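# Observations on chain architecture
One letter stands for each residue in the lines below.
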Amino acid sequence: MSTYGTGIAYEGAIHAAISAGRQDMLPSYTQLNKRLFQQEIWKNPSITSYIVSSEMNIIDALKKIKSNKYSFLLSVNEYGKLNGALDSSDIHDCLIEYQNLDTSIGEIPIHEVKTINTTDSFDVVIDMFQNQGAEYLAVVDNDYVLSNIITKYHFHLLLLEDIAWDFRFDFFSLDEGKLLQDVVNRPWGFYKSLFISDFTQVKVISLLPGQEISLQKHFKREEYWTIVRGKGIMTVDDQSYFVEKGRQIFIPKEAIHRIRNTQATGNLVLIEAQLGDYFGEDDIVRLRDKYGRD
Ligand SMILES: [Fe+2]
């Protein structure tokens, strides 16, 4: 059995030593462990589920890949140096071919990984994701030792949330759910959140012919609407007026508002930008509702 990569418990002991800042707690005082400790390479617990040593066996690797969200693994050597990447189909192919559960990761063909250097600027990160087709990047130091991982979703969240680039950031702490909202059905049609952050939520809202949202108001957000398709009647406080594609409407906090699709056919579609500090659906105070909702 090798000194390295002998399973999740072993790695857990390394992490515990790193987070406690105690080199004497390392499970064995190997070159790799010293290196990991000095550079705090695996300090971020989020990326440990994406890293395997080439000597790890296939079953532990499968467990790891099952527990990670993006279904890839990066293989590193005994010094933490990046070897390459593999995904679950690589492991499955290997199982079929060798039919041996003791096979180690080092025996499986691996792929090249797109990398950036810890000293690279954010411009390089942008180029890799936008022009070089990267789905994820391994962040390596000058010795090609793996320091962090960032996926395309994380990159998009950095852009949208305006988070300053720092290669040590725990990118896995970002909530990809903010980018991946489902379509929500309502009695009047449907909406989809395009983006949610601490300071804004942007939605596309689509009303079926003849339908209307509830007469409502919000305490914690103002809304900026742009009608992008169709025609209807808009109410804001005591005013009602005709609106159509291209019309922009400002709805201040606490203003009572509603829109109705007056068309016989075709949806009325609008883009809504909410500004405020809370965007939960429970900040909708319904004053009247055609569908009997509270
Ligand atoms: Fe509203």
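A brief look at the structure comes next. What you are looking at is a predicted structure, and each value in this text was computed from that prediction instead of being measured.

Notably, Tyr144 is not glycine yet its phi reads approximately 65 degrees, a positive angle. Backbone geometry at Asp237 places phi at a positive 50 degrees, although glycine is not the residue there. In this structure, Asp237 sits in the loop between β12 (231-236) and β13 (239-244). We classify Asp237 as exposed; it has 12 C-beta atoms within 10 Å.

This brings us to the sheet that holds strand β3 (residues 82-87). Taken together, three strands build an open sheet; the order of strands is β1-β2-β3 and the sheet is mixed. A single partner strand is all that each edge strand has here, and the edge strands are β1 (51-53) and β3. Going across the sheet, the axis of each strand differs from the next one's by a mean of 35 degrees, ignoring polarity. Bridge count between β1 and strand β2 (residues 72-76): three bridges; the pairing is parallel. Bridge assignment links Ser53 to a residue of β2, and that residue is Val76.

If you walk across this open sheet you meet the three strands as β4-β5-β6, and the pairing is mixed. Looking at the sheet topology across the chains shown, the edges are occupied by β4 (115-117) and β6 (146-151). The mean angle between the axes of side-by-side strands here comes to 30 degrees, regardless of whether they run parallel or antiparallel. Where strand β5 (residues 136-140) meets β6, five bridges bridge the pair, whose relative direction is antiparallel. Bridging across to β6, Tyr136 finds its partner in Thr151. Where helix α7 (residues 152-161) meets the sheet, its contacts fall on β5 and β6, and the angle it forms with β6 comes to roughly 75 degrees.

The rules behind these values
- Residues numbered from 1 in each chain as written.
- Predicted model: local features only at pLDDT ≥ 70, side-chain atom pairs only at ≥ 80, totals over all residues.
- Helix = DSSP H or I, 4+ residues; strand = E, 2+ residues; numbered from the N terminus.
- Buried ≥ 20, exposed ≤ 12 C-beta atoms within 10 Å, placed from the backbone.
- Pairing = 2+ DSSP bridges.
- Axes fitted to C-alpha atoms, helices over the stretch in contact; angles between N-to-C directions.
- Contact = placed C-beta atoms within 7 Å.

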